[in-house]
Every structure is written in C-alpha cells, then in structure tokens.
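# Observations on the three-dimensional arrangement
Each chain, letter by letter, is given below.
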Amino acid sequence: MSAIHLTYEVPGDDFTRAGEASGAVKKRLKALGYNSDAIRRVAIAMYEAEINMVIHAEGGFCDVDIYPDKVEVLLADKGPGIPDVEKAMQAGFSTAPDNVRNLGFGAGMGLPNIKKYTDDMRIETEIGVGTKLYLTVRVNNQ
C-alpha cells in the first residue's frame, strides 16, 4: 500500500464540529484494517489537538499521512502561539477562558494526552504566528 494523504479543515470556535477530522480518520483506519490500539491512539491524539485549535487558535488545518507502519499527522494553526511550551505540557495547566471551561473543556490535559497517545510529538510555535504540531503513531498490524 502506498501512502494515503488526507487533509481536513478544523473550524475555529465551533465545538460542534471539533472532532470531525479525527472521526473521519478513525473511520478510514478501520476500513483499511488497522489494529484497534493504533486507531484509538490516533483518534484520541487528533481529537485533543482539534479541541486545542478550536479553543486557542480559531481553527486551522490537519494533514494526515497513512502508511502501512505508521500514521503521521500535522496540525497547524494561525493562533497566538504557545508562550511557554514546557508549562503547557504540564498536566492541569490551562489558559482556556471560563466560558470554555464551563462547557467542560480546557482542563489542561490536551498536550499531555497527545504526548501520551503518540510515539512522537513535536511542537513548533511562534508567538503571533501560530503553532504546528507533528504527531506520529506507529502501527503494529500483526
């Protein structure tokens, strides 16, 4: 199988559409016969990243490359950037506003969960320009 490339828009400030990309990728991976552990990890990591994009960055886009042995995801936004990545990686740290927390989001577990469910995670961020999040989940389809 050659690589499959998928691209999705992540709309900003619309919690009803957050998770559309991760849901579509989950469905595609199931149809392709990937194992349930890999599917679950990709879906969780992507969903967390999509929610972060909705809360903090007014959306962006998501590119997904599906290979036989791994899934690579790039999520990019034009948000404010992350001032302190190390702090943002701490479980429970959140800059989400109260109205978002009142909806049940913004608990400060997004980036820690993304790291937990991926084999590789890299963040590139620039204040006032945006953030790119690179994720890799390795697949064991044996």
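So, how was this worked out
Residues numbered from 1 in each chain as written. Predicted model: local features only at pLDDT ≥ 70, side-chain atom pairs only at ≥ 80, totals over all residues. Heavy atoms only, no water. 1 Å grid on protein atoms, 1.4 Å probe; cavity = no way out; pocket = protein on both sides within 12 Å on 5 of 7 lines; lining within 4 Å. Points joined across faces, edges and corners; volume = space filled by probe spheres on them. Helix = DSSP H or I, 4+ residues; strand = E, 2+ residues; numbered from the N terminus. Nonpolar A, V, L, I, M, F, W, Y, C, P; charged D, E, K, R; others polar. Phe/Tyr/Trp six-rings, centres within 6.5 Å; stacked < 30°, edge-to-face > 60°. Lys NZ or Arg CZ within 6 Å of the ring centre and 35° of its normal. Polar contact = N/O pair within 3.5 Å; in protein donor to acceptor, adjacent residues only side chain to side chain. Contact = heavy atoms within 4.5 Å. Axes fitted to C-alpha atoms, helices over the stretch in contact; angles between N-to-C directions. Parallel < 35°, antiparallel > 145°, perpendicular 65-115°, else oblique. Left-handed = near helix turned anticlockwise from the far one by under 90°. Expected span 1.5 Å × (residues − 1). Buried < 20%, exposed > 50% of the residue type's maximum accessible area, 1.4 Å probe, protein only. Arc of directions from axis to C-beta. Pairing = 2+ DSSP bridges.

### Quick look at the layout of surface pockets
Each pocket or cavity is described by its volume, and for the second largest pocket that value is around 200 Å³. Considering the residues around the second largest pocket, the lining is formed by 15 residues, among which D77, K78, V129, G130 and T131 are closest to the centre. Elements with a minimum of two residues in the lining of the second largest pocket: β2 (59-66), β3 (70-77), β4 (120-126) and β5 (130-138). Looking at the lining of the second largest pocket, its residues break down into four nonpolar, six polar and five charged.

### Focus on the packing of aromatic side chains
Under the defined criterion, the tally for this structure stands at zero aromatic pairs. Its guanidinium or amino end placed over the ring of Y67, K70 lies 5.5 Å from that ring's centre, counting from NZ or CZ. Sitting over the ring of Y134, R122 keeps its end group 4.0 Å from the ring centre.

### Concerning the side chain of R41
Along the chain, R41 falls in helix α2 (residues 36-56). Here the side chain of R41 touches Y117 through a polar contact of 3.4 Å, landing on its backbone oxygen. Apart from the residues within four sequence positions on either side, R41 is in contact with Y117, T118, D119, V137 and R138.

### Describing the packing of α2 against helix α5 (residues 110-117)
It is at 9 Å that the axes of α2 and α5 come closest, and there the two elements cross at 160°. One element, α2, and the other, α5, form an angle in the roughly antiparallel class. Here α2 and α5 pass one another in a crossing that is left-handed. Along the contact surface, α2 presents R40, R41, I44, A45, E48, A49 and N52, while α5 presents G110, L111, N113, I114 and Y117. Its residues assigned to classes, the contact of α2 with α5 shows six nonpolar, three polar and three charged.

### Some details on helix α1 (residues 20-32)
With 13 residues, α1 ought to run about 18 Å at 1.5 Å a step, and its terminal C-alpha atoms sit 18 Å apart, in line with that. Listing the buried residues of α1 in full gives A21, S22, V25 and L29. The buried residues of α1 occupy an angular sector of 95° when projected down its axis, which confines them to one face. Exposed side chains of α1 directed beyond 90 degrees from the buried face belong to K27, K30 and A31. Immediately beyond the C-terminal end of α1, within one or two residues, lies G33, with a positive phi of roughly 85°.

### Topic: the sheet that holds β4
With antiparallel pairing, five strands are arranged side by side in an open sheet as β1-β2-β3-β5-β4. Each edge of the open sheet is held by one strand with a lone partner, namely β1 (4-11) and β4. Direction aside, the axes of adjacent strands within the sheet are offset by 10° on average.

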